Amino acid sequence: MTMIFEELSQPILRTDASGLPIEWINFRHAVKLYYLDVVLYECGSELLTLHGGVNAVSGIRSELKINSIIATDSGIAAKNKLLNDYTPPLTNNALFQRDFHLCMYCGSRFMKSELSRDHVTPIVHGGKDEWNNCVTACKRCNQHKGSLTPEQANMKLIAIPFTPNHAEFIFLQKKRILADQMTFLRAHFPRTSPLHRRIEESLNI
Ligand SMILES: [Zn+2]
């Protein structure tokens, strides 16, 4: 199959039949889902067009258009992951994204290599390694804080850590998100999500 791509690297947002976001997939995965005939409907914008061979009988060239958001019926229901007690896995990448690469103590923005995971209540003081007790901190602030609590170290957090829901977690997994994908995901964020303000602030920069 000869393929002409407009955009190959842009991740595609896959949802379940009811439109709840499931995961990011690449275009190869999306093509497979189209050919398996499990794409129920599309949202967002047309992302890329794949051109196949010319049909010997009809003379028509086959074409497959792939959208930025596709709803699939493949037995995967996202509902469980949108329940209140779902906790996405805590990774440094997602944590730094949650905090928009800002040190939650000095407020400066850093490259990933300059950042670290800080336990607000240190593990030695009974703090847990979970979203609500973890913040992004620059290595300098983290070292300065050491094994003290913010109060003991006299360091104030600029924002309260929070546990993302599944839609927020999907958002945190990718850096390149199209405007329509962003709007779609934000519709599934809690109304009070701090990410709304962080996204708006970053768009204003
Ligand atoms: Zn800092």
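Each chain carries its own residue numbering, running from 1 in the direction its sequence is written. Confidence filtering applies because this is a predicted model: local features only for residues at pLDDT of at least 70, side-chain atom pairs given and counted only at 80 or more, and all residues used for totals across whole chains, interfaces and linings.

### Focus on the overall build of the protein chain
Thinking step 1. Looking only at helices and strands, the protein chain has seven helices and six strands in total.
Thinking step 2. Its C-alpha atoms give the protein chain a radius of gyration of 21 Å, more than 25% over the compact-globule value 17 Å for 205 residues.
Thinking step 3. Dimensions of the protein chain, computed from C-alpha atoms along their principal axes, come out at roughly 80 × 30 × 30 Å.
Thinking step 4. Counting across all 205 residues of the protein chain, residues that qualify as buried make up 26%.
Thinking step 5. Two residues form a contact once the distance between their C-beta atoms, set from the backbone, is within 7 Å. Contacts spanning at least 24 positions in sequence make up 66% of the contacts within the protein chain whose residues lie at least 6 apart. A run of H or I in DSSP becomes a helix once it reaches four residues, and a run of E becomes a strand once it reaches two; helices and strands are each numbered from the N terminus. Restricting the calculation to C-alpha atoms gives the radius of gyration, and the globule rule supplies 2.2 Å times the number of residues raised to the power 0.38. Field definition: a residue is buried when 20 or more other C-beta atoms are found within 10 Å of its C-beta, exposed when 12 or fewer are, and partly exposed for counts in between, with C-beta atoms placed from the backbone.

### Remarks on unusual backbone geometry
Thinking step 1. Phi at F100 is positive, roughly 55 degrees, even though this residue is not glycine.
Thinking step 2. When you line up the elements, F100 lands in the loop between α2 (92-98) and β5 (115-119).
Thinking step 3. Residue F100 is classed as partly exposed on the basis of its C-beta count, with 16 C-beta atoms lying within 10 Å.
Thinking step 4. Look at H101: it is not a glycine, yet its phi comes out positive at around 60 degrees.
Thinking step 5. Taking the number of C-beta atoms within 10 Å as the measure of exposure, H101 has 17 and is therefore partly exposed.

### Here's the deal with the sheet that holds strand β2 (residues 21-25)
Thinking step 1. Strands are labelled as partners when DSSP assigns at least two bridges between them. What the four strands build is an open sheet, ordered β2-β1-β4-β3; its pairing is mixed. Only two strands of the sheet have a single neighbouring strand rather than two, namely β2 and β3 (39-54). For this sheet, the mean inter-axis angle between neighbouring strands, taken without regard to orientation, is 40 degrees.
Thinking step 2. Pairing between β3 and strand β4 (residues 61-72): ten bridges, direction antiparallel. Within the sheet, the bridge partner assigned to E46 lies in β4 and is N67.
Thinking step 3. Note on geometry: axes are lines fitted to C-alpha atoms, helical ones only across the stretch in contact, with angles between N-to-C directions running from 0 to 180 degrees. The sheet strands contacting helix α1 (residues 27-35) are β1 (12-15), β2, β3 and β4, and the helix crosses β4 at an angle near 105 degrees.

Keep in mind these numbers describe shape, not what the thing actually does.
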